[in-house]
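Structure at a glance
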Amino acid sequence: MLTQSNADLPNQDRTIDLGYYYHLVKSRWLSIAAFTTLCTAIAVLFALSITPTYTATATLLIEASQKKAISIEEVVGIDTRAKEYYQTQFEILKSNHVAQRVIDKLNLTQVAEFNPAMSIEEPSAVEELKQSVKQWPLIRTLFPEEDVAEVDLKAEQEALNRSVLKTFKSKLTISPIRKTQLVNISFESEDPALAAKIANEVGQSFIENNLESKLLATEQATSWINQRLAELKSKLDSSEQALLQFLEAQKLIDDSGIVALTSSELSNLTDRIAQATEKRIETQALFNALKNNKSTDVATLSSISLISHHPQIRDIRLAESQAEKVVSELSKRYGPKHDKMIQARAQLESIQRRADSIVKKLVNGIEKELSSAVNQEQLLKAELLEKKEEFQSLSVVKREYDALKREVDTNAKLYDLFLTRQKETSATSDFSAANARFSDYAMVPQNPSKPNKKLIVAMAFVASMGMAVVICICLDAFNNTIESSRDFENKLGLLPTGTIPAVKDKRFKKAPLDFRVFGEEKFAVFQESLDSIRTSLMLSHAQRKVLAISSSVPGEGKTTTSVNLALSFAKLENVLLIDCDLRKPSIAQRFLLPNSHPGLVNHLVMDMPIKDCITRIEGTKLDVLTAGMVAANPQELLSGEAFKNLIKRLSEQYDRIIIDTPPVLPVKDSFLVGQLTHGIILVVKANSTTRSVYRHTMTLFTKHKVVADGVILNQVQVPKKGKHSYTEYAAYSHATS
């Protein structure tokens, strides 16, 4: 019966059997070793044939900024765009311009390493033979001489330069050192001295190229500045001439007279108008007050604030007050008719008459003064309007003057700036600081950098061994056949009932194995394998007397297995071997019986007694029932009641019945027998039967509702001594028994 391995148990992941692959590699170690040795030997020869290459490295320090001697800020200043600046310098180091400069300076087009045409190689013996054969008269007619085309020397030289440049750049390596301003310049060459020379020359050419670039830029800048300076000088002269012509036309020296005139006159007029307005307002108020109080006396007029503050009114008012005081004092001492009293009253009256006269005169004078103040105010305002119009015209002149003056000042500033820059550039045109310098010059390397022969051989050894192992595993994975019981378990997830080793003997190279093999001592392992299968079948099918044996296709060893398994059972019990392969019977041949010997077909068709058809094998408990005569309808015989009754009767007479049936895939005879025996033991030939054939066979078993009692793996190769096997134990067991 088939036993399911752990690989197909439900709810359990299938794992990789490392032991299987270990034994797979171990079994093919000789092929792996041979492949590894061959590849390693080829790698050794290849490494020895490689021309050694030397690498020289120079270290260059790239300054952070370009220095000028004209400005201290440019000398000590920090370049804030250092990252982009360094990347630019690295790319310049890799540029074709620097490379071509080194090629031209060292004349590398004449070096064989860069120009293979410079290496003179002697023609090989084959080439000499070909040339000599072509010179034969008969052969020469078959190879007419071709016209030599005119060679374009310029195009050829250009192609050569491109080839040399490409080779040069492939050997050059520019590698900046992280977080520093240093960069390594490495060059590979077959000549160590040339490698060091080129590495140093690349750095020197970079420095010279940078200096030349800056000097060229300075020259271009100087030329441009001189050109612009001449243009600015012309513009400055034109603007100054236009300003002078404007001043002459306006009869001005500069803009200071215009400003002084307009500001002083407007200021004076404004002040005078303010004073005239104030005076007119005061006079108007006084006039209105006097005009409205003509009928009142001096005392009443004096009470008005605008009139009381007038000087004449104030004086007459004071004189009147003093006269009244004198009259009051005299009235206390003298009578009204006293001379002094009369005199004092006369004086008071005179003062009062005089006050009336003054008021009248004052009213007339204030009217005239008011008229004069109004006229003066109007004249000043009219003059202010005229001055404003004049100021507006002067403002237009001022704006024109300012525009011309600004043009002159701007041109003068630009001219001075360019003139200063032109003098600075001229003063420093022959000086420019280098932006790089050597930190370390390249030294002549003593040892080659390539090839690393030890590494090549080691990698070839490891890679070839790994490839050999992978090839072995791939061949095993692509191998669709089954090689051993472990292979059967890994590929199909099942455990076979047993394995039968292949028998190697000169007698059986062209002839099938007969029953005598089972008794020979030299085939002890073969016999023990069959005894093990017998034990497995007895344990798994203890209640079954009838066992049917078949295979998927012909030639897998089902008949050999049936014969020898019957002999193994015959050691312990009475056994009957029946040949039910009625289409191509072979049991009689295996037991050295004639093909005309009566058998199963004779009994079923011709009712020959069964005892006349059964043959006892001498010295054993085995009886054999051959196929007998050729059957015209095998399936009808095997499916008939006569055959079923025969098997029933024989199972009562024998302890075990072994039935050899036809292959499963070509015909379906075996399924008729399998339904009768309730199962079939399937024989699979090692290294022959494929997984697809086996699965197709098992599909047919399921389709016809026939149970597979087990799988026997036949013709398994016997492991060599020292390998993991049970050969010695099988031999020991056989010897003991």
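Chains are numbered independently. Their residues run from 1 in the order of the written sequence. With pLDDT at 70 or above as the cut-off, local features in this predicted model cover only qualifying residues; side-chain atom pairs require 80 or more to be listed or tallied, and sums for whole chains, interfaces and linings still use all residues. Where side-chain values are given, they derive from all heavy atoms of the structure, hydrogens and water being excluded.

The chain appears in an unreviewed UniProt entry as non-specific protein-tyrosine kinase from Vibrio hepatarius. UniProt positions are given in the numbering used here, feature names are shortened, and annotations may be inferred rather than shown by experiment. In UniProt, the chain has this text filed under Catalytic activity (unreviewed entry): "L-tyrosyl-[protein] + ATP = O-phospho-L-tyrosyl-[protein] + ADP + H(+)". Under the Subcellular location (unreviewed entry) heading, UniProt states for the chain: "Cell inner membrane".

Another aspect to go through is the layout of surface pockets. Think of a 1 Å grid over the protein atoms and nothing else: a 1.4 Å probe that fits but is trapped marks a cavity, an open set flanked by protein within 12 Å on at least five of seven lines marks a pocket, and residues with an atom within 4 Å of a point count as lining. Grid points are joined across faces, edges and corners, and a volume is the space filled by probe spheres set on the points. In this structure, the second largest pocket occupies an estimated 730 Å³ of space. Those elements that place two or more of their residues in the lining of the second largest pocket are strand E7 (498-501), helix H18 (558-569), helix H19 (587-590) and strand E14 (708-716). Residue contributions to the lining of the second largest pocket peak at four residues, all from H18. Throughout, the ten residues Ala, Val, Leu, Ile, Met, Phe, Trp, Tyr, Cys and Pro are labelled nonpolar, Asp, Glu, Lys and Arg are labelled charged, and all others, Gly among them, are labelled polar. Split by residue class, the lining of the second largest pocket holds 14 nonpolar, eleven polar and six charged. Starting at the N terminus, helices and strands are each numbered in turn, a helix being any DSSP run of H or I of at least four residues and a strand any DSSP run of E of at least two.

Okay, the pairing of E14 next. Remark: exposure states derive from per-residue accessible area (1.4 Å probe, protein chains only) relative to the maximum for the residue type, with buried under 20%, exposed over 50%, and partly exposed in between. In terms of burial, E14 is a largely internal element, eight of the nine residues being buried. Where E7 lies against E14, three bridges are found, and the strand directions are parallel. Looking at the pairing, Thr-499 lines up with Leu-713 of E14. Across six bridges, strand E13 (residues 680-685) lies against E14 in parallel orientation. Along E14, the bridge assignment pairs Leu-682 with Val-711. When DSSP finds two or more bridges between a pair of strands, those strands are recorded as paired.

Okay, the environment of Arg-534 next. Relative to the helices and strands, Arg-534 resides in helix H17 (residues 524-540). Measuring from C-alpha to C-alpha, the distance between Arg-534 and Ala-566 comes to 8.9 Å, with 32 residues separating the pair along the chain.

Pairing of aromatic side chains here covers Phe, Tyr and the six-membered ring of Trp, requires ring centres within 6.5 Å, and sorts the geometry by plane angle: under 30 degrees stacked, over 60 edge-to-face, intermediate tilted. As enumerated under the stated definition, the model contains five aromatic pairs in all. Judged by centre distance (6.4 Å) and plane angle (35°), the rings of Phe-114 and Phe-168 are tilted. Of this pair, Phe-114 sits in the loop between helix H5 (96-106) and helix H6 (125-134) while Phe-168 is found in helix H8 (residues 153-171), placing the two residues 54 residues apart along the sequence. Across the pair, Phe-168 and Phe-114 agree in class, each one buried.

Here we have eight strands laid out as an open sheet, ordered E7-E14-E13-E8-E12-E9-E11-E10, and mixed in their pairing. In this open sheet, the two strands that pair with only one neighbour each are E7 and strand E10 (614-616). The sheet shows a mean angle of 25° between the axes of neighbouring strands, taken without regard to direction. Sitting on the sheet, helix H23 (residues 641-653) is in contact with strand E8 (546-551), strand E9 (575-579), E10, strand E11 (622-625) and strand E12 (656-660), with an inclination near 140° to E12. To obtain an axis, a line is fitted to C-alpha atoms, over the contacting stretch when the element is a helix, and the angle between two such axes runs from 0 to 180 degrees between their N-to-C directions. A contact between two residues is defined here by any heavy atoms of the two lying within 4.5 Å.

Put simply, side chains in a regular strand alternate between the two faces of the sheet. Buried residues dominate E13, accounting for five of its six residues. Relative to E13, E8 runs parallel, the two sharing four bridges. Within E13, the position partnered with Ile-549 by the bridge is Ile-681. Handedness of the E13-helix H25 (residues 691-703)-E14 crossover: right-handed. With its strands directed away from the observer, a crossover is right-handed exactly when the path from the first strand over the helix to the second travels clockwise.

If you walk across this open sheet you meet the four strands as E3-E4-E2-E5, and the pairing is antiparallel. Single-partner strands in this sheet number two, and they are strand E3 (172-176) and strand E5 (436-440). Going across the sheet, the axis of each strand differs from the next one's by a mean of 30°, ignoring polarity. Sheet topology note: the strand E2 (residues 54-62)/strand E4 (residues 182-189) ladder contains eight bridges and is antiparallel. Directly across from Ala-58, in E4, lies its bridge partner Ile-185. Helix-sheet contacts for H8 involve E3 and E4, and the interaxial angle to E3 is about 40°.

A word on the side chain of Glu-201. Tracing the backbone through its elements, the reader meets Glu-201 in helix H9 (residues 192-250). You can call Glu-201 buried: its relative accessible area is 12%. Every residue in contact with Glu-201, bar those within four places of it in the chain, is listed here: Val-102, Lys-105 and Leu-106.

For the rest of this paragraph, the subject is the environment of Asp-709. Within the secondary structure layout, Asp-709 lies in strand E14. The class for Asp-709 is buried, based on a relative accessible area of 2%. Side-chain atoms alone can form a polar contact between residues adjacent in sequence; in general such a contact is a pair of N or O atoms within 3.5 Å, and within protein one must be able to donate a hydrogen while the other accepts it. Here Arg-544 takes part through its side chain, which lies 2.6 Å from a polar atom of the side chain of Asp-709.

Another aspect to go through is the nonpolar core. By nonpolar core is meant a set of buried Ala, Val, Leu, Ile, Met, Phe, Trp, Tyr and Cys residues that side-chain atoms within 4.5 Å join together. Of all hydrophobic cores here, the largest spans 44 residues; its most connected members are Ile-578, Leu-600, Leu-625, Leu-650 and Tyr-694. Ignoring sequence-local partners within four residues, the contact set of Leu-650 consists of Leu-576, Ile-578, Ile-610, Ile-614, Leu-625 and Ile-657. Ranked by size, the runner-up nonpolar core spans 34 residues in total, among them Leu-60, Phe-90, Val-98 and Leu-108.

What follows deals with the packing of H5 against H8. When two helices pack together, their arrangement is given by the angle between the helix axes and the distance between those axes. Interaxial distance between H5 and H8 falls to 10 Å at its minimum, and their mutual angle equals 105°. Relative to H8, the element H5 is oriented roughly perpendicular. Of the residues in H8, those touching H5 at Asn-96, Ala-99, Gln-100, Val-102 and Ile-103 are Val-164, Leu-165, Phe-168 and Lys-169. Residue composition of the contact of H5 with H8, by class: six nonpolar, two polar and one charged. For classification purposes, angles smaller than 35 degrees are called roughly parallel, those larger than 145 roughly antiparallel, those between 65 and 115 roughly perpendicular, and all remaining angles oblique.

Turning our attention to the environment of Lys-621. Considering the arrangement of structural elements, one finds Lys-621 in the loop between E10 and E11. Under the relative-accessibility criterion, Lys-621 is labelled partly exposed at 37%. Sequence-wise, Lys-621 and Ala-570 are 51 residues apart; in three dimensions their C-alpha atoms are separated by 5.0 Å. Contacts of Lys-621, omitting those with residues within four sequence positions, involve Ala-570, Leu-572, Glu-573, Asn-574, Val-575 and Arg-616.

Multiply 1.5 Å by the residue count of a helix minus one, and that product is the helix's expected span. The first and last C-alpha atoms of H8 sit 27 Å apart over 19 residues, in line with the 27 Å expected at 1.5 Å per residue. Of the positions making up H8, those classed as buried are Val-164, Leu-165, Phe-168 and Lys-171. Across the axial projection of H8, the buried residues extend over an arc of 125°, all falling on one side. Facing away from the buried surface of H8 by more than 90 degrees, the exposed residues are Arg-162, Lys-166 and Ser-170. Arc definition: it is the arc formed by the directions from the helix axis to the C-beta atoms.

Now for helix H2 (residues 29-49). Taking 1.5 Å of rise per residue, 21 residues should cover 30 Å, and H2 covers 30 Å from first to last C-alpha, within 8% of that figure. Listed in full, the buried residues belonging to H2 are Ile-32, Thr-36, Thr-40, Ala-43 and Ala-47. Looking straight down H2, one finds that the buried residues subtend no more than 60° of arc, so they occupy a single side. Of the exposed residues in H2, those oriented more than 90 degrees away from the buried face are Leu-30, Ser-31, Thr-37, Leu-38, Leu-45, Leu-48 and Ser-49. Among the structural elements, helix H1 (18-27) and helix H15 (453-478) are those in contact with the buried residues of H2.

Here we come to the packing of H1 against helix H16 (residues 485-492). Remark: H1 packs on H16, axes separated minimally by 11 Å, with the N-to-C direction vectors making an angle of 135°. For the element pair H1 / H16, the angle class is oblique. The chirality of how H1 crosses H16 is left-handed. For the pair formed by H1 and H16, the contact residues are Gly-19, Tyr-20 and His-23 on the first element and Arg-486, Asp-487 and Asn-490 on the second. Less than a right angle of anticlockwise turn of the near helix away from the far helix marks a crossing as left-handed, whereas a clockwise turn marks it as right-handed.

The term salt bridge refers to a pairing of a side-chain nitrogen on Lys or Arg with a carboxyl oxygen on Asp or Glu at a separation within 4 Å. In this structure the tally under the stated criterion is 18 salt bridges. Ionic pairing is found between Arg-656 and Glu-573, a salt bridge with its closest N-O pair at 2.9 Å. Placement of Arg-656 in strand E12 and of Glu-573 in the loop between H18 and E9 is noted, with a sequence separation of 83 residues between them. You can call Arg-656 buried: its relative accessible area is 5%. By relative accessible area, Glu-573 is classed as buried at 13%. One salt bridge in this structure joins Asp-623 and Arg-616, with 2.7 Å as the shortest N-O distance. Assessed through its relative accessible area of 46%, Arg-616 is described here as partly exposed. Here the residues in one salt-bridge network are Arg-101, Lys-105, Glu-201, Glu-208 and Glu-212, joined through shared partners.

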